[in-house]
Amino acid sequence: MEYDETIAIKQMRRAVAPERAATYSDDELLNIIDMIWDYYEENGMLEIDLEDDIEDEDLNGDLVDYVRRMLKKDKRAKVDPEDVPALVEAELKYEDSILD
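Bear in mind that the values here come from a model prediction, so they are computed numbers and not experimental data.

Reading the values: the criteria
- Residues numbered from 1 in each chain as written.
- Predicted model: local features only at pLDDT ≥ 70, side-chain atom pairs only at ≥ 80, totals over all residues.
- Heavy atoms only, no water.
- pLDDT = per-residue confidence, 0-100.
- Helix = DSSP H or I, 4+ residues; strand = E, 2+ residues; numbered from the N terminus.
- Buried < 20%, exposed > 50% of the residue type's maximum accessible area, 1.4 Å probe, protein only.
- Contact = heavy atoms within 4.5 Å.
- Core = buried A, V, L, I, M, F, W, Y, C linked by side-chain atoms within 4.5 Å.
- Arc of directions from axis to C-beta.
- Salt bridge = Lys/Arg side-chain N within 4 Å of Asp/Glu carboxyl O.

Looking at the confidence of the model for the chain
Phase 1: Taken residue by residue, the chain gives an average pLDDT of 89. The fraction at 70 or more is 86%.
Phase 2: Per-element mean pLDDT across the chain ranges from 86 in helix α4 (residues 56-73) up to 97 in helix α1 (residues 5-14).

Some words on the environment of Val64
Phase 1: Structurally, Val64 can be placed in helix α4.
Phase 2: Judged by its relative accessible area of 9%, Val64 is buried.
Phase 3: The contact partners of Val64, leaving out residues within four places of it in the chain, are Val84, Pro85 and Val88.

Re the nonpolar core
Phase 1: By size, the foremost hydrophobic cluster in this structure holds 27 residues, and its most contacted members are Ile32, Leu63, Val67, Leu87 and Val88.
Phase 2: When contributions to this core are tallied by element, the ones reaching two or more residues are α1, α3 (26-42), α4 and α5 (84-99).
Phase 3: Discounting residues that sit within four places of it in the chain, Val88 has contacts with Ile36, Leu63, Val64 and Val67.

Some thoughts on α1
Phase 1: By the burial criterion, the buried members of α1 are Ala8, Ile9 and Met12. Buried residues of α1, seen end-on, are gathered within an arc of 100° and therefore sit on one face of the element.
Phase 2: At its buried positions, α1 is contacted by α3 and α5.

A closer look at the pattern of salt bridges
Phase 1: Throughout the structure, instances matching the rule amount to 4 salt bridges.
Phase 2: Here Asp83 ties to Arg20 by a salt bridge, and the two come within 3.0 Å at their closest N and O atoms. Taken together, the residues span a long stretch of sequence, with Asp83 in the loop between α4 and α5 and Arg20 in helix α2 (residues 18-21) at a distance of 63 residues.
Phase 3: The class for Asp83 is buried, based on a relative accessible area of 8%.
Phase 4: We classify Arg20 as partly exposed; its relative accessible area is 29%.
Phase 5: The shortest N-O distance in the salt bridge between Asp74 and Arg76 comes to 3.9 Å.
Phase 6: Residue Asp74 is classed as partly exposed on the basis of its relative accessible area of 21%.
Phase 7: Salt bridges sharing partners connect three or more residues here, namely Arg20, Asp80 and Asp83.

Written out as C-alpha cells, the structure is:
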C-alpha cells in the first residue's frame, strides 16, 4: 500500500476527542504529518538500509517533543500540545499498517 494522507488525517482525527478533532483543519493535521517526515529526514530515518535498532518508545518521545517544538514556533498553529502524543501515535500506527 502507498501512504495516503487523507487516511492518515482520518486516523489522527479518531485519536482525539471528537470536539477537539473538529477544531483542527486538515491543513493543521497535514502540517503535523509534514513535521513527522521532516524529523525522519533530519535524523537519517528515510535511508533504505536503516537498522531497526531505534526503540519505538525513544522514537515516539523524541518525535512528540520535536512536533511540539515545531508547533510552538509556528504562530499560526492551533493544535493543543496535549493532543500531540495521540496525533503522532495515530500517524505512526497508520504508517505501520501500510507496511504489513
